[in-house]
Amino acid sequence: MELTDVQNDLTEILITEEQIRSRIAELSRDIERDYAGKDVLLVGVLKGAVMVMADFARELKIPVTMDWMAVSSYGSGTQSSGVVRILKDLDTDLEGKTVLIVEDIIDSGLTLSWLLSNLRSRNPESIEIFTLLRKPEAARVEIDVKYVGFDIPNQFVVGYGLDYAERYRNLRGVGILAPAVYS
Ligand code: 5GP
């Protein structure tokens, strides 16, 4: 679905499909260089990272494996609390693995910070983070994120995997959701 198909629900089109495609390609070239000769395990966080994982993994010209985790972050409304529960764990043992976490968005960073310490305790050789979007103004914990697609303003966005009440995930780009939709 195109952003223009739901333009009445958006206050702004933030990132187009073409901008996402070209940024993922740029980052993929960096990652191919950084991980040359390594067996990389991409860890996607369900459900938001589905689109970015599908496009990023196919753009990469190095062999990778993929696994998925589902976590729920307790919090009120659109705020994350940092209290996280694993709904679906990885199938892969991380011991000695080269891990690259693939995220859709980092907001407060609380969910990812919890996830990082959980995955680090499984003794991988290395863990780095790839995120399509990051909201620098919303950060509540400092996380060293190696690969960032776009830094965006501190607003609620949807599309390209990101939902509001499970809707808008199939938008080809990213837009700012109009407050009228959720108020
Ligand atoms: P954090 O723990 O970094 O505050 O938030 C993590 C999760 O909150 C993200 O993985 C995502 O599921 C959700 N989230 C944060 N900001 C947004 C946003 O702007 N739009 C949507 N759709 N989800 C968001």
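Residues numbered from 1 in each chain as written. Predicted model: local features only at pLDDT ≥ 70, side-chain atom pairs only at ≥ 80, totals over all residues. Heavy atoms only, no water.

The protein goes by Hypoxanthine phosphoribosyltransferase in an unreviewed UniProt entry, where it is assigned to Leifsonia williamsii. The annotation that UniProt attaches to the protein under Cofactor (unreviewed entry) is "Mg(2+)". (UniProt positions renumbered as here; feature names shortened; annotations may be inferred.)

(A) Molecular detail of the environment of R58. Along the polypeptide, R58 turns up in helix α2 (residues 50–59). Look at R58 and you get exposed, because its relative accessible area is 65%. Of the polar contacts made by the side chain of R58, one reaches the backbone oxygen of A54; its length is 2.9 Å. (Helix = DSSP H or I, 4+ residues; strand = E, 2+ residues; numbered from the N terminus. Buried < 20%, exposed > 50% of the residue type's maximum accessible area, 1.4 Å probe, protein only. Polar contact = N/O pair within 3.5 Å; in protein donor to acceptor, adjacent residues only side chain to side chain.)

(B) Spotlight on the nonpolar core. With 29 residues, the main nonpolar core has L42, F56, L100, F130 and L133 as its most contacted residues. For this core, the secondary-structure elements that each account for two or more residues are α1 (17–34), β2 (40–46), α2, β5 (98–106), β6 (126–134), β7 (147–151) and β9 (174–177). In this structure, F130 is in contact with L27, I31, V52, F56, L100, I101, V102, E103 and Y147, ignoring residues within four places of it in sequence. Formed by 20 residues, the second largest nonpolar core is a distinct cluster that contains L41, L94, L112 and L116. (Core = buried A, V, L, I, M, F, W, Y, C linked by side-chain atoms within 4.5 Å. Contact = heavy atoms within 4.5 Å.)

(C) Structural view of the pattern of salt bridges. For the coordinates displayed, the defined rule picks out 17 salt bridges. For R21, the salt bridge goes to E18, with nearest N and O atoms at 3.0 Å. Residue R21 and its partner E18 are located together in helix α1, separated by three residues, close to a single helical turn. When its relative accessible area of 48% is taken as the criterion, R21 is described as partly exposed. On the basis of relative accessible area, E18 is assigned to the partly exposed category, the value being 46%. Between K146 and D34 there is a salt bridge, with the nearest N and O atoms lying 3.9 Å from each other. (Salt bridge = Lys/Arg side-chain N within 4 Å of Asp/Glu carboxyl O.)

(D) Representation of α2 in the model. Three or more residues of α2 are buried, namely V52, M53, F56 and A57. Looking down the long axis of α2, one finds its buried residues gathered within 115° of arc, a one-sided arrangement. (Arc of directions from axis to C-beta.)

(E) Inspection of the site of the ligand at higher detail. Near the ligand there are 14 residues, and of these S108, T111, K135, V157 and D163 occur at the shortest range. A distance of 3.0 Å separates an oxygen atom of the ligand from a polar backbone atom of D107. Between the ligand and G109 there is a distance of 2.8 Å, counted from an oxygen atom to a backbone nitrogen or oxygen. Burial of the ligand by the surrounding chains reaches 83%, relative to a free accessible area of 510 Å². (Near = heavy atom within 4 Å. Areas by Shrake-Rupley, 256 points an atom, 1.4 Å probe, with all protein chains shown as cover.)

(F) Main features of the layout of surface pockets. Roughly 280 Å³ of internal volume is contained in the second largest pocket. Taken together, 15 residues form the lining of the second largest pocket, with E17, R21, D55, Y160 and R172 sitting closest to its centre. In terms of residue class, the lining of the second largest pocket is made up of seven nonpolar, one polar and seven charged. (1 Å grid on protein atoms, 1.4 Å probe; cavity = no way out; pocket = protein on both sides within 12 Å on 5 of 7 lines; lining within 4 Å. Points joined across faces, edges and corners; volume = space filled by probe spheres on them. Nonpolar A, V, L, I, M, F, W, Y, C, P; charged D, E, K, R; others polar.)

(G) Up close: the environment of D107. Counting through the fold element by element, D107 comes out in the loop between β5 and α3 (110–120). On the accessibility criterion, D107 (28% relative accessible area) is partly exposed. Through-space distance from the C-alpha of D107 to that of I152 is 9.8 Å; in sequence the pair is 45 residues apart.

(H) Region of the structure containing the sheet that holds strand β8 (residues 157–158). Pairing is antiparallel across the open sheet formed by three strands, whose spatial order is β1-β9-β8. The sheet is open, and its two edges are formed by β1 (10–15) and β8, each paired on a single side. Examined bridge by bridge, β1 and β9 share four bridges and lie antiparallel to one another. Note that in β9 the partner of L10 across the bridge is L177. (Pairing = 2+ DSSP bridges.)

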